[in-house]
Every structure is written in C-alpha cells, then in structure tokens.
Amino acid sequence: MEQSLDEEVRALLEQRRGEWMAIAKELDISHSWISQFVRRKIPDSGYQRLRRLHEHLKGCAVAAKAAA
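Please read these numbers as outputs of a predicted model, since none were measured by experiment.

Turning our attention to the overall build of the protein chain. Broken down by element type, the protein chain carries four helices and zero strands. Across the 68 residues in the protein chain, those meeting the buried criterion constitute 34%. Intrachain contacts of the protein chain at a sequence separation of at least 6 include 60% that bridge at least 24 residues. Summing over all exposed atoms, the protein chain offers an accessible surface of approximately 4,700 Å²; the carbon and sulfur share of this is 51%.

Written out as structure tokens, the structure is:
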C-alpha cells in the first residue's frame, strides 16, 4: 500500500529529527510548524508546503546514499 504524502513526509522528518532547525531555515518554514506537523497538531498542512518538504527530504536521502 502506498503511503500518503503527509505520512511519508512525517516519516522522513522523523528520520532527520535533529536536523529540523536546518530544514526549516533552508525551506523558510518555521521549526514550530514542523514540530506540530509531526505531532499531528496541524489538520491541514498545505499541499505546497508538503511538496517542498518532500522534495527536499527525498533529495537529501538520494544524496546521502550516493555519498555512502
């Protein structure tokens, strides 16, 4: 079964928990928003914001695998 975008972004953020401040700064998203999103406190997270996070997190994962 395919994961929904919001669930995939949450999972990717959980994998990079110590990097949320840097991710927030890079994408001009507040750290507080990321924290609340992961804790499911934001009911409508906004598709465009999720797409940006997803692209960033997936891109970083690909770069990390290539460097390994």
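The structure having been displayed, the exposition proceeds.
Buried within helix H1 (residues 5–15) we find Leu5, Val9, Arg10, Leu12 and Leu13. Take H1 and look down its axis: the buried residues cluster within an arc of 165°, on one side only.

Here Arg40 lies in the loop between helix H3 (31–38) and helix H4 (47–67). Residues Arg40 and Asp6 lie 34 residues apart in sequence; the distance between their C-alpha atoms is 9.9 Å.

Take unusual backbone geometry next. In this structure, Asp28 takes a positive phi of about 55° despite not being glycine. The backbone of Arg40 sits at a positive phi, close to 65°, despite the residue not being glycine. Looking at Arg40, the relative accessible area reads 51%, which means it is exposed.

Proteins that are soluble and globular tend to have nonpolar side chains buried together. Core analysis: the largest hydrophobic core is formed by 17 residues, its most contacted members being Val9, Leu13, Trp33, Ile34, Phe37 and Leu53. Elements with a contribution of two residues or more to this core: H1, helix H2 (20–27), H3 and H4. In this structure Ile34 touches Leu13, Trp20, Ile23, Ala24 and Ile29, once residues within four positions along its chain are discounted.

So, on to the packing of aromatic side chains. Taken as a whole, this structure holds one aromatic pair when the rule is applied. Directly above the ring of Phe37 sits Arg10, whose terminal nitrogen or CZ lies 4.2 Å from the centroid. When the ring centre of Trp33 is taken as reference, the NZ or CZ atom of Arg49 above it lies at 4.7 Å.

Quick look at H2 now. Counting along an α-helix, one turn takes 3.6 residues, and residues three or four places apart therefore face a common direction. For H2, the full list of buried residues reads Trp20, Ile23, Ala24 and Leu27. Buried residues of H2, seen end-on, are gathered within an arc of 100° and therefore sit on one face of the element. Of the exposed residues in H2, those oriented more than 90 degrees away from the buried face are Met21, Lys25 and Glu26.

How each quantity is defined
Residues numbered from 1 in each chain as written. Predicted model: local features only at pLDDT ≥ 70, side-chain atom pairs only at ≥ 80, totals over all residues. Heavy atoms only, no water. Helix = DSSP H or I, 4+ residues; strand = E, 2+ residues; numbered from the N terminus. Buried < 20%, exposed > 50% of the residue type's maximum accessible area, 1.4 Å probe, protein only. Contact = heavy atoms within 4.5 Å. Areas by Shrake-Rupley, 256 points an atom, 1.4 Å probe, with all protein chains shown as cover. Arc of directions from axis to C-beta. Core = buried A, V, L, I, M, F, W, Y, C linked by side-chain atoms within 4.5 Å. Phe/Tyr/Trp six-rings, centres within 6.5 Å; stacked < 30°, edge-to-face > 60°. Lys NZ or Arg CZ within 6 Å of the ring centre and 35° of its normal.

None of the figures reported here should be taken as evidence of function without further support.
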